[in-house]
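# Breakdown of the fold
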Amino acid sequence: MTEQIKKSTPEKTAFLGVYGCQMNLADAERMAGQLESLGYRRTEEMAAADLILLVTCCVRETAEDKVYGKIGEIKGLKRQRPSLLFGVAGCMAQKEGDALIKRAPHIDFVLGTGRTGELGRVVRELEAERGGPVVDTGDVTGPIAEGCPVARRTPLSAWVPVMYGCDNFCTYCIVPYVRGRERSRRPEDIRREIQEAVAQGYREITLLGQNVNSYGKDHKQADFADLLRLADDVPGIERVRFMTSHPKDLSRRVIEAVRDGHHICEHFHLPVQHGSDRLLKAMNRGYTAAAYRAVVEEIRAAVPGASLTTDLIVGFPGETEQDFEALLDLVRAVRFDAAYTFLYSPRSGTPAAKMDDQVPDEVKRDRLHRLMAVQDEISRAINERLRGQAVEVLAEGPSQNDPAVWTGRTRTGKIVLWPHEAEIAGELVSVRVAEPQTWVLKGVLEQGA
Ligand code: SF4
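Since the model is a prediction, treat every value here as computed from it, not as a measurement. (Residues numbered from 1 in each chain as written. Predicted model: local features only at pLDDT ≥ 70, side-chain atom pairs only at ≥ 80, totals over all residues. Heavy atoms only, no water.)

## Some remarks on the domain arrangement of the chain
Note the cut-off: Residue ranges for the domains originate in an automatic or database domain assignment.
Its domain assignment divides the chain into domain 1 (9-136), domain 2 (157-384) and domain 3 (390-445). Its C-alpha centre places domain 1 at a distance of 36 Å from the equivalent point of domain 3.

Here it is, written out as structure tokens:
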């Protein structure tokens, strides 16, 4: 009987367009889980979907422009199929709220960053009764919704959010305004999620937060070092990663937890953003270049061989050639394994957007090129040291560009490529590095690690 009913009810499909950072990817997995429990199957075909959900980012103007383009495209689909349900979630939804509906009345619901756990209820209500648009962007500092079904897309590595929001208010950043104040999940809820992920076959988890080092400052049940050790002890876990750390909150306890852990990967992503103390102050980063270098020395003394990556911004308002030289000096002194470099772009609603001395685009671009040239040379030299060495890799699968080449990462976060030989997804293997490059290590598979 039920089979017939199932057959008779046409399958519903949902398309999720996800923009921005890992936190948005993790939120999207929780929203996809709720849609699945309502009978939606996830599809890549937006034009044919019964429900479209955009999980948006507003970290830069360009990110928003992309979303408005998509919203326009969906207007046409909605005209063809008025029954189509269309919603917008994520940071841009939080920032814009009602204004989104005014600008695009074909949107059925807008869900703020603190309301991702409400998606199931909102969709059920709209399915039952197609009333007016729903806008729910209230309370970004409310209790964290626990118990959401999580529909992950990746087979081996799982995102596990440990906290939401940020209290740092860096002057260029919109995050604290759209993700609210720092709220930490309870350790037992995080442990349960890790155990469930391992039971589903995940070998690696990444503990996620805008500033994981502040974990637990609110509920004081555990701090981030405790959480790392808790994750390290989950039976069956192979690798534990974490991001993002704020240099001013990285404690000795966290460094020791990485040192002592069996599965905690020796990779620190520690955004410094700049090397000029004058600009670090204007950015409200809360540390000096010297203090940052002291943290780096502490890491390297306690965890030899640990890799260090960072984020760097060029063209912050008021940046002089001298400031830029200070940035290059820091990059040459610290020698990061890799750096994610960004052109400063003014974000309306942030203090820096109102600052004088906005740097001309051509100057920004010139500095970005010079910075990348310096950093690429360092990354290449660091990877060159691995030539001929065997590295342990968690095999992920065929590389995006070439199915005959497999990919995976070392504990230090380096991407490794090797000619495919056997189905070894999820296995720890040994790859001998033959051709180290700036961003990847090319090598040959050896026997299982
Ligand atoms: S630490 Fe600064 S840059 Fe990072 S999310 Fe918080 S405010 Fe933004």
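## Things to note about the packing of helix 13 (residues 321-334) against helix 14 (residues 361-384)
Quick reminder of the rule: To define axes, lines are fitted to C-alpha atoms, for helices over the stretch in contact only, and angles between the resulting N-to-C directions are given on a 0 to 180 degree scale. The way it works is that DSSP assigns letters per residue, a run of H or I at least four long becomes a helix, a run of E at least two long becomes a strand, and they are numbered from the N terminus. Note on angle classes: values under 35 degrees are labelled roughly parallel, values over 145 roughly antiparallel, values of 65 to 115 roughly perpendicular, and the remainder oblique. Throughout, a crossing is termed right-handed when the near helix is turned clockwise from the far one, and left-handed when it is turned anticlockwise from it by less than a right angle. Residue contacts are counted whenever heavy atoms from the two residues lie within 4.5 Å of one another. Residue polarity follows a fixed list, in which Ala, Val, Leu, Ile, Met, Phe, Trp, Tyr, Cys and Pro are nonpolar, Asp, Glu, Lys and Arg are charged, and the others, Gly among them, are polar.
Orientation of helix 13 relative to helix 14, taken along the N-to-C sense of each, is 15 degrees, at an axis distance of 10 Å. Looking at the two axes, helix 13 sits roughly parallel to helix 14. The element helix 13 and its partner helix 14 pack so that their crossing is right-handed. Packed against helix 13, whose contacting residues are Glu-321, Phe-324, Glu-325, Leu-327, Leu-328, Val-331 and Arg-332, the element helix 14 presents Arg-367, Arg-370, Leu-371, Val-374, Gln-375 and Ile-378 at the interface. Here the contact of helix 13 with helix 14 is composed, by residue class, of 7 nonpolar, 1 polar and 5 charged.

## Re the sheet that holds strand 7 (residues 157-161)
Condition: Any two strands are treated as partners once DSSP identifies two or more bridges connecting them.
Spatial strand order, 7-10-11: 3 strands in an open sheet with parallel pairing. With partners counted over all chains shown, the strands left at the sheet margins are strand 7 and strand 11 (239-243), one partner each. Across the sheet, the mean angle from the axis of one strand to that of its neighbour is 25 degrees, orientation sign disregarded. As paired strands, strand 7 and strand 10 (residues 204-208) are joined by 5 bridges and run parallel to one another. Across the sheet, the residue bridging to Trp-159 is Thr-206, located in strand 10.

## Observations regarding the sheet that holds strand 5 (residues 109-111)
The 6 strands lie next to each other as 2-1-3-4-5-6, forming an open sheet whose pairing is parallel. Looking along the sheet, the strands with just one partner apiece sit at the ends: strand 2 (40-42) and strand 6 (134-136). Recorded for the sheet is a direction-independent mean angle of 20 degrees between the axes of neighbouring strands. The pairing of strand 1 (residues 12-18) with strand 3 (residues 51-56) spans 5 bridges and is parallel.

## Some details on the packing of helix 2 (residues 22-37) against helix 6 (residues 119-128)
With their axes 9 Å apart at the nearest point, helix 2 and helix 6 run at an angle of 40 degrees to one another. Between helix 2 and helix 6, the crossing angle belongs to the class labelled oblique. As for how helix 2 packs across helix 6, the hand of that crossing is right-handed. Counting all contacts with helix 2, which are made through Met-31, Gln-34 and Leu-35, the residues of helix 6 involved are Leu-119, Gly-120 and Val-123. In terms of residue class, the contact of helix 2 with helix 6 is built from 4 nonpolar, 2 polar and no charged.

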